[in-house]
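Coordinate inspection notes
The lines below spell out each chain.
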Amino acid sequence: MRRIASTIVILLLLPYAAWADELTWPPPPEISRIRFVQEVRGPSDLKIKKSFFKKIWEFIAGDEPEGIRRPFAIAVRKDRICVTDVILAGFHLFDLIDNNYKIIVPRKARLTSPVGAAFTIDGRLLVTDSVMKKVLVFNGKGGLTGEFAAGFPFLRPTAVAVSPLDNSVWISDTRAHQIFKFSPTGEKLLSLGKRGTNDGEFNYPTGIAIGKDGRVYVCDTLNARLQVFSETGKFLFKFGRHGDSTGDFANPKAVALDGDGHIYIVDGLFDAVQIFDEKGRLLLVFGQRGTKSGEFYVPSAIVIDEKDRIFVSDSYNGRIQIFQYLREY
């Protein structure tokens, strides 16, 4: 596995580089490893056009408001993108396959605080609501089909992630200071942690990511660290500490992995994305507070798809930013 460590210098909160009309990190003369692709505020940014029938309906009923307001969580599966929106109290569905865009605000189970989202292997969409204390299930078109792990006594479910190995569902319960693993049908398989600072203990955990090998990566937010577990829940290692120096954490909120196993962590207070190798050594940081491309204002989520496209929820800028990890071949 080739690593970006040999070709990247560490950059902490430095401006992005413009090179050949592209924004890349690190700047020349170093070999670029991250490239800015685009920002998304609404369907037109993804070249999704309104259908003839939708135009007719809007002519009769009036235009529906479109566009992202306060994005929080992101889920991506095969060119279908879900973005939860805490102001909308619902979510946006961008379907690049069918050239379709929908705003979903469920009527039967109105969302209050949709802060987590993930697609299952079979195409269902799971959305956590931290205030309702529920995880709702939608089909691929946004139709509500039920509740996941109905009746489970969540205190504040936040992040949700699905294992690529067995479709098991991992959910962080931030107020309970625990991580739960469920079967694809919602039976609890195991629980991890309690409040504390020891290995395997948490202090308001949030973001979760699952690696190709089944390893579970958890943002232990108020302990300012990342903890890593096996698919059976065995503690493996941790890294990070609270601070404002290179590689430190202030408020780690979300985590994702690229195709080479590098670990990306969004820190809401740093307004940046930090990239580490599989042993927790810092490789690169991109982003700073601002409104320009490649800058963030309270980023809240990060997802990396099978094409190594990096989706970052730039919450207070009201947009999603998309980047590309550039592999060394």
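See the structure shown above.
In what follows, the accompanying structure is described.

So, on to unusual backbone geometry. Going from Trp-25 to Pro-26, the amide bond is cis rather than trans, its omega being -10°. Residue position: Pro-26 is located in the loop between strand S2 (22–25) and strand S3 (34–40). Along the chain, Pro-28 connects to Pro-29 via a cis peptide bond; the corresponding omega equals 10°. By secondary structure assignment, the location of Pro-29 is in the loop between S2 and S3. If you check the backbone angles, Ala-149 has positive phi at about 50° while not being a glycine. A relative accessible area of 8% places Ala-149 in the buried class. Residue Ala-224 is not a glycine yet carries a positive backbone phi of 55°. Mapped onto the elements of the fold, Ala-224 is located in the loop between strand S17 (216–220) and strand S18 (225–229).

Attention now goes to the pattern of salt bridges. Inspection of every chain in the model, using the stated rule, returns 19 salt bridges. One salt bridge in this structure joins Arg-41 and Glu-39, with 2.9 Å as the shortest N-O distance. By relative accessible area, which is 23% here, Glu-39 ends up partly exposed. Of the charged contacts, one joins Arg-215 and Asp-213 as a salt bridge, the two residues approaching to 3.7 Å between their closest N and O atoms. By relative accessible area, Arg-215 is classed as partly exposed at 30%. A single network of salt bridges, built from pairs that share partners, joins Glu-39, Arg-41, Asp-314 and Arg-319.

Conventions adopted
Residues numbered from 1 in each chain as written. Predicted model: local features only at pLDDT ≥ 70, side-chain atom pairs only at ≥ 80, totals over all residues. Heavy atoms only, no water. Helix = DSSP H or I, 4+ residues; strand = E, 2+ residues; numbered from the N terminus. Buried < 20%, exposed > 50% of the residue type's maximum accessible area, 1.4 Å probe, protein only. Salt bridge = Lys/Arg side-chain N within 4 Å of Asp/Glu carboxyl O.

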